[in-house]
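Close look at the chain arrangement
Here is what each chain is made of, one letter per residue.
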Amino acid sequence: MNWQMKCVICHDFIEPDRDKYGHIIWHGGHNPSPITDEGYCCKVCNDEIVTPTRIAEIQLSIKGGKDG
Ligand SMILES: [Zn+2]
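**Examining the overall build of the chain**
Helix and strand counts for the chain stand at 1 helix and 2 strands. Classification of the 68 residues of the chain by burial places 16% in the buried group.

Structure (structure tokens):
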């Protein structure tokens, strides 16, 4: 089975998420939206880039949607 997926943001191979015992708990990658709508990203990019961007976009949309 080929689980070698590449992160669309850093272009590195996506490492599986592991629990504190080292057991693989998730190896599906993460949704890179709103950075991009295609492919998957790794946990590092998800935590450091995608999630902050998503929060910023939500805050912008809340501000932008008030005058209507
Ligand atoms: Zn990445």
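Further notes follow.
**Focus on unusual backbone geometry**
Residues S33 and P34 are joined by a peptide bond in cis, for which omega reads 10°. One can find P34 in the loop between strand 2 (24-26) and helix 1 (43-64). A positive phi angle, close to 60°, is found at H11, a residue other than glycine. Residue H11 is classed as exposed on the basis of its 9 C-beta neighbours within 10 Å.

**Considerations on helix 1**
Here helix 1 is 22 residues long and its end C-alpha atoms lie 30 Å apart, about the 32 Å a rise of 1.5 Å per residue gives. At V50, helix 1 is bent by approximately 35°, the largest bend along its length, and proline P52 sits one to four residues beyond. Among the residues of helix 1, those classed as buried are C45, N46 and V50.

**Points about the environment of I25**
When you line up the elements, I25 lands in strand 2. Judged by local crowding, I25 falls into the exposed class, with 9 C-beta atoms found within 10 Å.

**Observations concerning the environment of V50**
Mapped onto the secondary structure, V50 falls in helix 1. Look at V50 and you get buried, because 22 C-beta atoms sit within 10 Å. In this structure the C-alpha to C-alpha distance between V50 and P34, which are 16 residues apart in sequence, comes to 7.0 Å. Those residues within four positions of V50 in sequence are excluded, and the remaining contacts are H30, P32, I35, C41 and C45.

**A few points about the nonpolar core**
Soluble globular proteins tend to pack their nonpolar side chains together in the buried interior. Grouped together as the largest cluster of nonpolar side chains are 7 residues: C7, I9, I14, C41, C42, C45 and V50. Ignoring any residue separated from it by four or fewer positions in sequence, one finds C45 in contact with C7, I9, C10 and V50.

Cut-off values and rules
Residues numbered from 1 in each chain as written. Predicted model: local features only at pLDDT ≥ 70, side-chain atom pairs only at ≥ 80, totals over all residues. Helix = DSSP H or I, 4+ residues; strand = E, 2+ residues; numbered from the N terminus. Buried ≥ 20, exposed ≤ 12 C-beta atoms within 10 Å, placed from the backbone. Expected span 1.5 Å × (residues − 1). Bend = angle between axes of the 7 residues up to and from the residue. Contact = placed C-beta atoms within 7 Å. Core = buried A, V, L, I, M, F, W, Y, C linked by C-beta atoms within 7 Å.

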